[in-house]
Amino acid sequence: GIQTVWSLLERPVGPWLRIYQTGFIAFALVVAAVPGPAIHHQTLAYWQLYTLPVMVLAPWLVLARLREGNSEARTMVVGVAIFLATCVNDLLIDMAGVRTTRLVPFGFVAIMLSMAVSLANRFTGMLNELETKVAERTAELSTANQQLAEAARIDPLTGILNRRGFAEEAAAEILRVSRSGRGFTLVLADVDRFKLFNDRYGHACGDHVLARVAAIIRASVRDVDRVARWGGEEFIVLLPETEVEGAAVLAEKLRESIAENLFEFGGQRLSITMTFGIAGHRQGESLESCLARADTALYHGKEQGRNKVMIGSYKGLTLVNN
């Protein structure tokens, strides 16, 4: 009983209480070792007196924990009160000769029921806490997975979409086009002579230039447009519900802006140019087919001297700027 009450109320059993418990065991072993029932009658009064300290300590502990707001104490207080009342009743029968019914067995039932309810409440609380923690960890895991999935779509150098992220966005846009019938245009851009630039000024400078180009392109397009680093020094822009002519105007503005922009790095002011290839997507066409026309336009723009905007259509190539 001591072990159960003290454990439920989350209080350690101190050394003096351990000695007290050991006394119970020693007393019981002596009584059990003596044959015959006489020893039981002869020691009954001493046994009952020996239980009085715990009958004071247990209610005191329950009340102390009750004042602290302990939920186990609230559950156990009724059972402990009934148990103590039955103990007092039986002590009066044996020590004062009061004639009434013995009630200790009912007291034991009451306190055991209260302890069982307390344990059930604790178990329920532990389950609820576990469920809460599992829900929190699940939410954290879901957030982490979303962050990882998003990180897998983003180019770490420029902060824009990478090839995989762009392919996913383009696939979604093709599905939208199949429903609405309103197409989109691709703009493929490549930094001119980037390898020579990279070799002359170093990879750190090259990375700085790529990040700056990405920032310029992203700042020049709409929120609905998709900008990605297609690979190396190549960039790609998807312009939803935009005709080739509108894409050509945007590409020309980007070409001029980048050509006029001075990139500062390591105390030096550097400039670059870019060549653009444009292709309009036709309903039912694959992304690869549209990309191939934009890439062909870009290639011919490079052949014609770089720093160009070239449109690739089904009928041929058109140079936007001279």
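Structural data are supplied above this passage.
A brief look at the structure comes next. The structure presented is a predicted model; accordingly, all values stated were derived computationally and were not measured. (Residues numbered from 1 in each chain as written. Predicted model: local features only at pLDDT ≥ 70, side-chain atom pairs only at ≥ 80, totals over all residues. Heavy atoms only, no water.)

**A look at the side chain of Arg255**
- With respect to the secondary-structure elements, Arg255 resides in helix 9 (residues 244–260).
- Residue classification places Arg255 among the buried residues on the basis of a relative accessible area of 11%. (Helix = DSSP H or I, 4+ residues; strand = E, 2+ residues; numbered from the N terminus. Buried < 20%, exposed > 50% of the residue type's maximum accessible area, 1.4 Å probe, protein only.)

**Some points on helix 8 (residues 203–220)**
- Taking 1.5 Å as the rise per residue, helix 8 with 18 residues should run 26 Å; its terminal C-alpha atoms sit 26 Å apart, in good agreement.
- Those residues of helix 8 that sit buried are Cys205, Gly206, Val209, Leu210, Val213, Ala214, Ile216 and Ile217. (Expected span 1.5 Å × (residues − 1).)

**Focus: the pattern of salt bridges**
- Evaluated as defined, the whole model comprises 18 salt bridges.
- Ionic pairing is found between Arg164 and Glu168, a salt bridge with its closest N-O pair at 3.5 Å. With Arg164 and Glu168 both in helix 6 (residues 163–180) and four residues apart, this pair spans about one turn of that helix.
- Residue Glu168 is classed as partly exposed on the basis of its relative accessible area of 37%.
- Each of the salt bridges in this network shares a partner with another, and the network as a whole consists of Arg153, Arg164, Glu168, Glu169 and Arg226. (Salt bridge = Lys/Arg side-chain N within 4 Å of Asp/Glu carboxyl O.)

**Remarks on the packing of helix 3 (residues 38–67) against helix 4 (residues 71–95)**
- At their nearest, the axes of helix 3 and helix 4 sit 10 Å apart, and the two run at 160° to each other. As judged from the angle between their axes, helix 3 and helix 4 are roughly antiparallel. You can see that helix 3 and helix 4 cross each other, and the crossing is left-handed. Between helix 3 and helix 4, the contacting residues are Leu44, Gln48, Leu49, Leu52, Met55, Pro59, Val62, Arg65 and Leu66 on the first element and Ala73, Arg74, Val77, Val80, Leu84, Cys87, Val88, Asp90, Leu91, Asp94 and Met95 on the second.
- In terms of residue class, the contact of helix 3 with helix 4 is made up of 15 nonpolar, one polar and four charged. (Axes fitted to C-alpha atoms, helices over the stretch in contact; angles between N-to-C directions. Parallel < 35°, antiparallel > 145°, perpendicular 65-115°, else oblique. Left-handed = near helix turned anticlockwise from the far one by under 90°. Contact = heavy atoms within 4.5 Å. Nonpolar A, V, L, I, M, F, W, Y, C, P; charged D, E, K, R; others polar.)

**Examining the sheet that holds strand 6 (residues 274–280)**
- Read across the sheet, six strands follow the order 2-3-1-6-7-8 without closing on themselves; strand pairing throughout is mixed. Where the open sheet ends on each side, the last strands, each with one partner, are strand 2 (226–231) and strand 8 (317–319). This sheet shows a mean twist of 20° between the axes of neighbouring strands, independent of strand direction.
- Looking at chain direction, strand 7 (residues 309–312) and strand 8 are connected through three bridges and run antiparallel. Within strand 8, the residue paired with Met310 across the bridge is Leu319.
- Docked against the sheet, helix 9 engages strand 1 (184–191), strand 3 (234–240), strand 6 and strand 7, running at close to 170° with respect to strand 6.
- Each of strand 1, strand 2, strand 3, strand 6, strand 7 and strand 8 is contacted by helix 10 (residues 287–303), which is oriented at about 145° to strand 6, the strand it contacts most. (Pairing = 2+ DSSP bridges.)

**Describing the environment of Ala247**
- Following the sequence through the fold, Ala247 ends up in helix 9.
- As a C-alpha pair, Ala247 and Gly280 span 33 residues in sequence and 8.8 Å in three-dimensional space.
- For Ala247, the residues in contact, after removing those within four places along its chain, are Thr185, Val187, Leu239, Thr242 and Ile278.

**Structural notes on unusual backbone geometry**
- Located in the positive-phi region is Arg193, a residue other than glycine, with phi close to 50°.
- Relative to the helices and strands, Arg193 resides in the loop between strand 1 and helix 7 (194–201).
- The phi dihedral of Glu241 falls on the positive side, at around 50°, and the residue is not glycine.
- Note that Glu241 resides in the loop between strand 3 and helix 9.
- Classification of Glu241 as partly exposed rests on a relative accessible area of 42%.

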